[in-house]
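# Structure at a glance
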Amino acid sequence: MTIVVGYVPTPEGEAALTQAIAEAKKNNDTLLVINSSKGDALVDNRYAQEPEIQTIEERLALQGIQHVIKQPVRGHDAAAEVLDAADETNAELIVIGLRRRSPVGKLIMGSVSQRILLEADCPVLAVKAD
């Protein structure tokens with residue numbers, strides 16, 4: 001089976017990855033790491049650079065986790081990329097990181113996490129950073 005994790009190079013993304021690794025180990029599941037960008041900006045701090053991806057590759061390999069890392073740049077938002085990946089792989093679980101936001105921030109900016117929680121066809125595990 002497959003576990004999909006939405007990854008961004010932030011403490012929340014690291015917390016999601018750590019939990020996804022623990023979940024994948026339980027049943028020897030494949031881990032699909034999604035780190036996407038809309039591609040609409042010259043710099044996207046949420047899009048992991050090669051050294052970060054290499055570190056993740058090494059971390060997963062050292063722990064014996066079967067994995068795939070995808071970094072789509074197709075003009076879709078992160079929620080759509082994670083949901084599409086979960087649908088395409090018939091994922092058994094999605095793991096995402098949550099960050100604290102004010103009620104006004106949620107109203108004005110929307111929420112990738114909220115959309116994933118509401119629209120996913122499989123269970124979603126939401127974790128917070130330390």
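Scoring rules and cut-offs
- The numbering scheme is per chain: residues are counted from 1 as the chain's sequence reads.
- Whole-chain, interface and lining totals are the exception, using all residues; otherwise, since this is a predicted model, local features are given only for residues with pLDDT of at least 70 and side-chain atom pairs are given and counted only at 80 or more.
- The side-chain numbers reported here are obtained from all heavy atoms of the structure, hydrogens and water having been left aside.
- Secondary structure is summarised from DSSP: a helix means a run of H or I of at least four residues, a strand means a run of E of at least two, and numbering begins at the N terminus for each.
- What makes two residues a contact is simply this: any of their non-hydrogen atoms within 4.5 Å.
- Working rule for helices: expected span equals 1.5 Å times residues minus one.
- Here the term buried applies to any residue with accessible area under 20% of the maximum for its type, exposed to any over 50%, and partly exposed to those in between, with areas from a 1.4 Å probe on protein chains only.
- Read the arc as the range of directions from the helix axis to the C-beta atoms.

## Quick word on the side chain of S36
- With respect to the helices, strands and loops of the structure, S36 is situated in the loop between β2 (30-34) and α2 (50-62).
- Setting aside residues up to four positions removed in sequence, S36 forms contacts with D44, Y47, P72, A78 and E81.

## Remarks on α2
- Helix length check: α2, at 13 residues, gives a terminal C-alpha distance of 18 Å against a target of 18 Å (1.5 Å per residue), a fit within 8%.
- Of the positions making up α2, those classed as buried are I53, I56 and L60. Viewed end-on, α2 has its buried residues packed into an arc of 60°, placing them on one side of the element. Turned more than 90 degrees off the buried face of α2, the exposed positions are E50, P51 and L62.
- Considering only its buried residues, α2 is in contact with α1 (11-27), β2 and β3 (67-70).
- Where α2 ends, the next residue or the one after it, G64, has phi of about 70°, a positive value.

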